[in-house]
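# Analysis of the macromolecular model
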Amino acid sequence: MKTAQIVYILAASAPFLAALILMAFFNFSSGKALVISYLMAVFSALFLWKMDIAGVASASLYGGLKAFDLLLIIGGAILLLNALRETGLMAVISSVFQRISPDRRVQALIIGYLFGAFIEGAAGYGTPAAIAAPLLVGLGFPPVAACSVALISNSTPVPFAAAGTPMNSVMMNLEAQLRQNGGSVALMAHQTTMKTVLYLGASGILVPVMVVAVLVLSCSRHRRLASILEMLPFCVFSGLVFIIPYMLLGWFAGPEFCSIAAGAFGMAAAALAARRQFLTPLYVWTFEESEPAEKTASSARRTRSGQPSLQRTARLTGHPDLQRTGRLIGQPGLQRTERLTIRKAFLAWLPYMVIGAALLLTRIPAFGLRKLLSSLSFTIHHVGGNADLDYTFAPLYNPGILPFLVTALGTIFACRRKLKRSDTARIFSGTGRQLLKIAVPLVCGMSMVQIMTGSSNNAAGLPGMLTLISLALVHLFGTAFPVLSPALGVFGAFVSGSCTVSGILFGPLQYETALALKLSAPSILGLQMAGGAIGNMICIHNVVAVSSTAGVTGKEGAIIRKNLLPCAVYTAAVLLVYVLLS
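Here the structure is a predicted model, which means the values were calculated and not measured. (Residues numbered from 1 in each chain as written. Predicted model: local features only at pLDDT ≥ 70, side-chain atom pairs only at ≥ 80, totals over all residues. Heavy atoms only, no water.)

Enumeration according to the criterion identifies 17 aromatic pairs in this entry. Residues Phe-141 and Phe-287 carry aromatic rings whose centres are separated by 4.9 Å and whose planes lie at 75 degrees to one another, so their mutual orientation is edge-to-face. Here Phe-141, found in the loop between α6 (127-138) and α7 (143-153), pairs with Phe-287, found in the loop between α14 (258-275) and α15 (310-317); they are 146 residues apart in sequence, far enough to count as distant. For the pair Phe-141 and Phe-287, one class covers both residues: buried. Ring centres of Phe-237 and Phe-278 lie 5.5 Å apart, and the angle between their planes is 80 degrees; on these two criteria the pair is classed as edge-to-face. You can see Phe-237 sitting in helix α13 (residues 232-252) and its partner Phe-278 sitting in the loop between α14 and α15, a full 41 residues away along the chain. A network of ring pairs unites the aromatic residues Tyr-113, Phe-160, Phe-242 and Tyr-246 as a single cluster. The aromatic ring of Tyr-283 is capped on one face by Arg-223, whose charged end is 3.9 Å from the ring centroid. The ring of Phe-413 has Arg-416 sitting right over it, with the charged end atom 4.1 Å from the ring centre. (Phe/Tyr/Trp six-rings, centres within 6.5 Å; stacked < 30°, edge-to-face > 60°. Helix = DSSP H or I, 4+ residues; strand = E, 2+ residues; numbered from the N terminus. Buried < 20%, exposed > 50% of the residue type's maximum accessible area, 1.4 Å probe, protein only. Lys NZ or Arg CZ within 6 Å of the ring centre and 35° of its normal.)

Okay, here's the thing in structure tokens:
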């Protein structure tokens, strides 16, 4: 490889490397890091790739428009969360989960892993983590830990988000290549789906364990190893009740229902098991320093089902707070004098039930609403004068508007008698302030990716920046390309914030390379989709979005650092499954 080529490869990689290094190792906020990365991409595009100023400007404008779509989703999720907090419904939701299990590890699995999987299957586009993280924060989880839990959890179901959109999008992008080689989209989609659920499912049993490990190591100083090991039976159970239907649906039903149906079944099964104390630890784990000192009466004793008292748990576990006081550090929820009724629980959960039902009805083609809502759109043709860039906005198909914004406004209206004018004003002003904090990093990040994607149209005669990086990696790995395949998926998701975009960017390269090396194309594409899913743990856009909804803007570097190891472990496990079972 010539020196000039190396220089161009380094220049193409620099914006991504700068964003990762500045946030993960120098504690730069996402805003500062992505502004720097954006300027680096602009510099390389203008002076090395010889793009014209109009091309860079149009790509930047298009990135800003795409960021607007994401800001709507984030804004709707934040508004709903703020409404639930001000109306007191979040306290009721907290108490519901307390009655399923007071153990924070169990709550993290049910909400982050299983409830998040259902929402991912119905909506996608960063929606699950944007819901799960603030919900966990509302239950008393430390915000950074809640973000990490939500992002790690949001991996296995991702290729089948929004009723299979990532998988189907990648297959449609490969249609011309498949026809040239005598293949069909339907057959390749079926074969690739089978490989994807195999790789992510067989290795995905590690995800609940990693969720618990990250939570415990982040929030505890006592009996860390014991707190992880004693959860292994319930972690395995939670994984299996999701993964088994996930794989069966992938093999026999197709990509549309893998995550939706498996998430719903897994959440119900795990909640019932936790309520019956099936495989849950005797020791009830909670946060040691992040919660208020008060506690509810129910946390000081076991329930009627026969769970031993906390005093006995203290003797068995040696937890210092329990030994000293005979009680756990307090749990958020209803006050001692209030009684949780089925009606209260139903009304508190109603907004999320409405969201789940609306997403299901509007994302599955069989109901007919998906086509209708997506058709009610307007298009800006040739954004910034670029004939290759058309921006389409479908207001009623954007989940930020329908169902998030509609549900949030409906909640505020239904609870208007509980809210003072100052409370209502606080809901909207708080949402606006949170959105302003993330607008700059999101716009810069999306614009940077669009510049790099559009850099294939240049006067220097160079491949596009992303293509140049991927070709260099292929040249470096050669016949060991399968080792690189999931890493390319992770890389694509990291820089673009989307498994779909990662597949669209690198899917054609993966397919052509598989043919050239006489490898199984469905296997290589399955590794690409698996890597794109795993990359959601650390992708910049998702981290920025989740941190903003959880109220910890500026902590993106800490979140990425926590999630780097789980991302690497899951990727290695996928490769191991490929080697053993392909």
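This part covers the side chain of Glu-556. With respect to the helices and strands, Glu-556 occurs in helix α26 (residues 556-581). No salt bridge is formed by the buried Glu-556, whose closest oppositely charged neighbour, Lys-555, lies at an N-O distance of 9.2 Å. Beyond its immediate sequence surroundings of up to four residues, Glu-556 is in contact with Met-23, Ser-29, Ser-30, Val-543, Val-544 and Ser-547. (Lys, Arg positive; Asp, Glu negative; His and termini not counted. Salt bridge = Lys/Arg side-chain N within 4 Å of Asp/Glu carboxyl O. Contact = heavy atoms within 4.5 Å.)

Think of an α-helix as 3.6 residues a turn; residues three or four steps apart then line up on the same face. The terminal C-alpha atoms of helix α23 (residues 499-516), which comprises 18 residues, lie 24 Å apart, in line with the 26 Å expected from a rise of 1.5 Å per residue. Along α23, the sharpest change in direction is near 45 degrees and occurs at Phe-506; proline Pro-508 comes one to four residues later. Listed in full, the buried residues belonging to α23 are Cys-499, Thr-500, Ser-502, Gly-503, Phe-506, Gly-507, Leu-509, Gln-510, Tyr-511, Thr-513 and Ala-514. After α23 finishes, the residue Lys-518 shows a positive phi value of roughly 60 degrees. (Expected span 1.5 Å × (residues − 1). Bend = angle between axes of the 7 residues up to and from the residue.)

Once that is clear, we can look at helix α21 (residues 465-477). Look at α21: 19 Å from first C-alpha to last across 13 residues, which is about the 18 Å you get at 1.5 Å a residue. Along α21, the residues classified as buried are Met-465, Leu-466, Leu-468, Ile-469, Ser-470, Ala-472 and Val-474. Among the structural elements, α1 (3-25), α2 (30-47), α20 (421-454), α22 (481-496) and α23 are those in contact with the buried residues of α21.

Moving on, we come to the environment of Val-574. Note on placement: Val-574 falls in helix α26. A relative accessible area of 0% means that Val-574 is categorised as buried. For the pair Val-574 and Met-452, spaced 122 residues apart in the sequence, the C-alpha separation amounts to 28 Å. When residues no more than four places from it in sequence are discounted, the contact partners of Val-574 are Tyr-199, Leu-200, Ser-203, Leu-527, Ala-530 and Ile-534.

Moving on, we get to the pattern of salt bridges. A full pass over the atoms with the stated rule returns five salt bridges. In this structure, Asp-103 engages Arg-105 in a salt bridge whose closest nitrogen and oxygen atoms are separated by 2.6 Å. The class of Asp-103 is buried, set by a relative accessible area of 3%. Residues Arg-426 and Asp-423 are paired through a salt bridge, measuring 2.5 Å at the closest nitrogen-oxygen approach. Taken together, the positions of Arg-426 and Asp-423, both in helix α20 and three residues apart, correspond to about one turn of that helix. Residue class for Arg-426 comes out partly exposed when judged on its relative accessible area of 40%. By relative accessible area, which is 13% here, Asp-423 ends up buried.

By secondary structure assignment, the location of Ser-148 is in helix α7. Classification of Ser-148 by relative accessible area gives buried; the value is 0%. Those residues within four positions of Ser-148 in sequence are excluded, and the remaining contacts are Val-214, Ile-559, Lys-562 and Asn-563.

A cluster of basic residues, Arg-339, Arg-343, Lys-344 and Lys-418, forms a positive patch on the protein surface. Tracing the backbone through its elements, the reader meets Lys-418 in the loop between α19 (400-414) and α20. With a relative accessible area of 56%, Lys-418 lands in the exposed category. (Patch = residues over 30% accessible without salt bridge, like charges linked within 9 Å, V, L, I, M, F, W, Y side chains within 5 Å. Areas by Shrake-Rupley, 256 points an atom, 1.4 Å probe, with all protein chains shown as cover. Charge placed at Lys NZ, Arg CZ, Asp CG, Glu CD.)

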